[in-house]
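Coordinate inspection notes
What follows is each chain in one-letter form.
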Amino acid sequence: SQQGEEDPQALSIQEGENATMNCSYKTSINNLQWYRQNSGRGLVHLILIRSNEREKHSGRLRVTLDTSKKSSSLLITASRAADTASYFCATASFSYSGAGSYQLTFGKGTKLSVIP
Amino acid sequence: DVKVTQSSRYLVKRTGEKVFLECVQDMDHENMFWYRQDPGLGLRLIYFSYDVKMKEKGDIPEGYSVSREKKERFSLILESASTNQTSMYLCASSLSPLLAGGGEQYFGPGTRLTVT
């Protein structure tokens with residue numbers, strides 16, 4: 001079942017501008033993670049935010065999480081051509097029903113193009 | 001640096017063949033995962049394992065099986081390959097307990113499998 005859904009599907013900006021991508025999900029989660037994928041380096045983990053956190057920073061990345069709206073956003077400030085990639089959110093959840101159930105679901109991604 | 005390696009970058013197999021995809025991680029991670037990635041569908045979880053000889057179904061386990069005889073190695077098996085299993089297969093590993101959300105995942109470079 002598709003949990004995280006990114007928006008927009010594609011984004012094109014000029015170098016130096018900020019890029020914002022959004023992720024919405026449907027059920028409660030333990031954490032939400034953002035990943036980047038480009039042809040050169042495969043899928044790389046960017047940042048993880050736990051369900052009890054509201055905001056997290058890592059270098060030029062800022063992630064927010066609103067559990068009441070079941071949404072997250074990834075902001076990349078002062079973008080560079082090297083930021084051109086697809087960005088995925090992934091939601092992780094574990095429930096104790098029965099033997100325990102773990103789910104990790106990736107969205108379809110936002111394709112970011114940064115024009116030099 | 002965590003390293004996740006996959007046995008082949010490209011693989012071409014015939015319909016009906018038994019296919020083995022191997023994944024090895026070198027960081028003593030408890031959890032290992034197999035995904036497939038298709039255009040427009042994002043990453044979908046096939047199987048995961050949280051300990052040696054333990055395995056759990058993901059979202060799309062049909063037509064696949066897995067084996068984890070050693071902690072560092074997680075194999076994906078296509079019992080009888082079909083053309084709809086043509087895809088990019090990604091292996092990942094993570095350290096944190098799944099009941100806490102599993103933590104960040106480290107991905108291998110992927111195996112592009114073509115079934116003809």
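Everything discussed here concerns the structure shown above.
Because the structure is a prediction, the values reported are computed rather than measured. (Residues numbered from 1 in each chain as written. Chains lettered and ligands numbered in written order. Predicted model: local features only at pLDDT ≥ 70, side-chain atom pairs only at ≥ 80, totals over all residues. Heavy atoms only, no water.)

1. Points about the layout of surface pockets
Estimates place the volume of the largest pocket at around 1,300 Å³. As for the largest pocket, its lining consists of 45 residues, of which Q37, N38, G42 and L43 of chain A together with Q37 of chain B are closest to the centre. Each residue belonging to the lining of the largest pocket can be placed in one class, and the counts come to 15 nonpolar, 20 polar and 10 charged. (1 Å grid on protein atoms, 1.4 Å probe; cavity = no way out; pocket = protein on both sides within 12 Å on 5 of 7 lines; lining within 4 Å. Points joined across faces, edges and corners; volume = space filled by probe spheres on them. Nonpolar A, V, L, I, M, F, W, Y, C, P; charged D, E, K, R; others polar.)

2. Overview of the nonpolar core
Formed by 21 residues in total, the largest nonpolar core has its most connected members in L32, W34, L74, I76, Y87 and L112 of chain A. Going through the elements one at a time, β3 (19–24), β4 (31–38), β5 (42–50), β7 (61–66), β8 (71–76), β9 (85–95) and β11 (110–115) of chain A are the ones with two or more residues in this core. Ignoring sequence-local partners within four residues, the contact set of L112 of chain A consists of L11, I13, A19, M21, I76, D83, T84, A85 and Y87 of chain A. V19, L21, Y64 and L113 of chain B belong to the second largest nonpolar core, which has 20 residues in total. (Core = buried A, V, L, I, M, F, W, Y, C linked by side-chain atoms within 4.5 Å. Buried < 20%, exposed > 50% of the residue type's maximum accessible area, 1.4 Å probe, protein only. Helix = DSSP H or I, 4+ residues; strand = E, 2+ residues; numbered from the N terminus. Contact = heavy atoms within 4.5 Å.)

3. So, the side chain of Q85 of chain B
Along the polypeptide, Q85 of chain B turns up in the loop between β8 (73–78) and β9 (87–94). Once residues lying within four places of it in the same chain are set aside, the contact partners of Q85 of chain B are R36, G63, Y64, L78, S80, L113 and V115 of chain B.

4. Topic: the interface of chain A and chain B
Note on interface size: it is often stated as the accessible area lost on association of the parts. Every contact between the two is made by 21 residues of chain A and, on the other side, 20 residues of chain B. In this assembly, chain A packs against chain B so that about 1,700 Å² is buried in total across both faces, 54% of it on carbon and sulfur atoms. Of all residues in chain A, L43, Y102 and F106 of chain A give up the largest surface area on contact with chain B, accounting jointly for 33% of the area buried on that side. At the surface where chain A touches chain B, the tally comes to zero salt bridges. Our count for the chain A to chain B interface comes out at three residue pairs in polar contact (both at pLDDT 80 or more). Contributing elements (two or more residues each) for the side of chain A that touches chain B: β4, β5, β9 and β10 (101–106) of chain A. With five residues, β10 of chain A is the single largest residue contributor to the side of chain A that touches chain B. In terms of residue class, the side of chain A that touches chain B is made up of 10 nonpolar, 10 polar and one charged. (Buried area = accessible area lost by both parts, 1.4 Å probe. Salt bridge = Lys/Arg side-chain N within 4 Å of Asp/Glu carboxyl O. Polar contact = N/O pair within 3.5 Å; in protein donor to acceptor, adjacent residues only side chain to side chain.)

5. Some remarks on unusual backbone geometry
D7 of chain A connects to P8 of chain A through a cis peptide bond whose omega is 0°. Examined against the element boundaries, P8 of chain A turns out to sit in the loop between β1 (5–7) and β2 (10–14). Phi is positive for K53 of chain B, close to 65°, though the residue is something other than glycine. Residue placement: K53 of chain B occurs in the loop between β5 (42–51) and β6 (54–57). For K53 of chain B, a relative accessible area of 55% gives the class exposed.

6. Here's the deal with the packing of aromatic side chains
Counted according to the given criterion, the structure contains 10 aromatic pairs over all chains. Summarising the aromatic geometry, the rings of F33 of chain B and Y35 of chain B are spaced 6.3 Å apart at their centres and angled 25° between planes, so their arrangement reads as stacked. Members of the aromatic cluster, connected to one another through ring pairs, are Y35, Y102 and F106 of chain A together with F33, Y35, F48 and F107 of chain B. (Phe/Tyr/Trp six-rings, centres within 6.5 Å; stacked < 30°, edge-to-face > 60°.)

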